[in-house]
Amino acid sequence: EVQLVQSGAEVKKPGESLKISCQASGYTFTSYWIAWVRQRPGKGLEWLGIIYPRDSDTRYSPSFQGQITISADKSISTAYLQWSNLKAADTATYYCARPRQQLVRWALDYWGQGTLVTVSA
Amino acid sequence: QSVLTQPPSVSAAPGQKVTISCSGSRSSVGNSFVSWYQQVPGTAPRLLIYDDDQRPSGIPDRFSGSKSATSASLDITGLQTGDEADYYCGTWDSSVSFGRVIFGGGTKLTVL
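We now turn to the structure provided with this report.

Quick notes on the rules
- Residues numbered from 1 in each chain as written.
- Chains lettered and ligands numbered in written order.
- Predicted model: local features only at pLDDT ≥ 70, side-chain atom pairs only at ≥ 80, totals over all residues.
- Heavy atoms only, no water.
- Helix = DSSP H or I, 4+ residues; strand = E, 2+ residues; numbered from the N terminus.
- Rg over C-alpha atoms; globule rule 2.2 N^0.38 Å.
- Buried < 20%, exposed > 50% of the residue type's maximum accessible area, 1.4 Å probe, protein only.
- Contact = heavy atoms within 4.5 Å.
- Areas by Shrake-Rupley, 256 points an atom, 1.4 Å probe, with all protein chains shown as cover.
- Pairing = 2+ DSSP bridges.
- Axes fitted to C-alpha atoms, helices over the stretch in contact; angles between N-to-C directions.
- Salt bridge = Lys/Arg side-chain N within 4 Å of Asp/Glu carboxyl O.

What follows covers the overall build of chain B. Along chain B, the regular secondary structure elements total zero helices and nine strands. What you see for chain B is a C-alpha radius of gyration of 13 Å, in line with the 13 Å of a compact globule of 112 residues. When the backbone C-alpha atoms are referred to their principal axes, chain B occupies close to 45 × 25 × 25 Å. Within chain B, the fraction of its 112 residues that count as buried is 47%. Restricting the contact set of chain B to residue pairs at least 6 apart, pairs at least 24 apart contribute 58%. Surface accessibility of chain B: about 4900 Å² in total, with carbon and sulfur atoms responsible for 45%.

See below:
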């Protein structure tokens, strides 16, 4: 059974750094892209970027380039999303998600449970 | 501001049919497959339709998708109260380098 299990909720202050995780199981981690999706409170879905764990090929949405870093550790089947300088506007639930098919970057079929990140002074 | 346009809300009575539209461009909907997602508040999205009109296993055939040119639609027939949720379309946008996934703004379905 494919599972994506994310790290727990975080409360941070503006300017702080943060790294959240997404541990995959039930499939070959290196054979599928992993995407990160943001959902601000009461708002819609926004695609942040994607990583291919086999070679760590990482691509970002132009809207988020330079603001986040996506990485992966294939030895422990875990993807990460990190910030070095959090802002209140980063307050949101963040999901990791896996596409339905290998080598495909859309049709997100498996989702983590979400990690709520709250940034407040 | 979402690149794919959906109506903010739709409603219908139990047992009825509802259609949710998703309008894009030639570089998005017109050039790639469309997916549809259902999200019950407080839970992660669930893939309902992929490749314009395909259902993953376990998705009832009450849900169907279609696409024409730069617009796509999700039909839900035999509405049930459990269908109340937010629905998002998504596709690959090739207008930027490498591309990106884009989503519609979401449509809230109310089953009256």
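Attention shifts here to the sheet that holds strand 8 (residues 78-83) of chain A. Residue and element names in this part refer to chain A. The antiparallel open sheet is built from four strands, whose spatial order is 1-3-8-7. In this open sheet, the two strands that pair with only one neighbour each are strand 1 (3-6) and strand 7 (69-73). Neighbour to neighbour, the strand axes of the sheet diverge by 20° on average, direction disregarded. Relative to strand 8, strand 7 is paired through five bridges, and the arrangement is antiparallel.

What follows covers the interface of chain A and chain B. Taken together, the contacts link 23 residues of chain A with 20 residues of chain B. Summed over the shared surface of chain A and chain B, the number is zero salt bridges. Elements that contribute at least two residues to the side of chain A that touches chain B include exactly strand 4 (34-39), strand 5 (45-52) and strand 10 (108-111) of chain A. No other element matches strand 5 of chain A, which puts four residues into the side of chain A that touches chain B.

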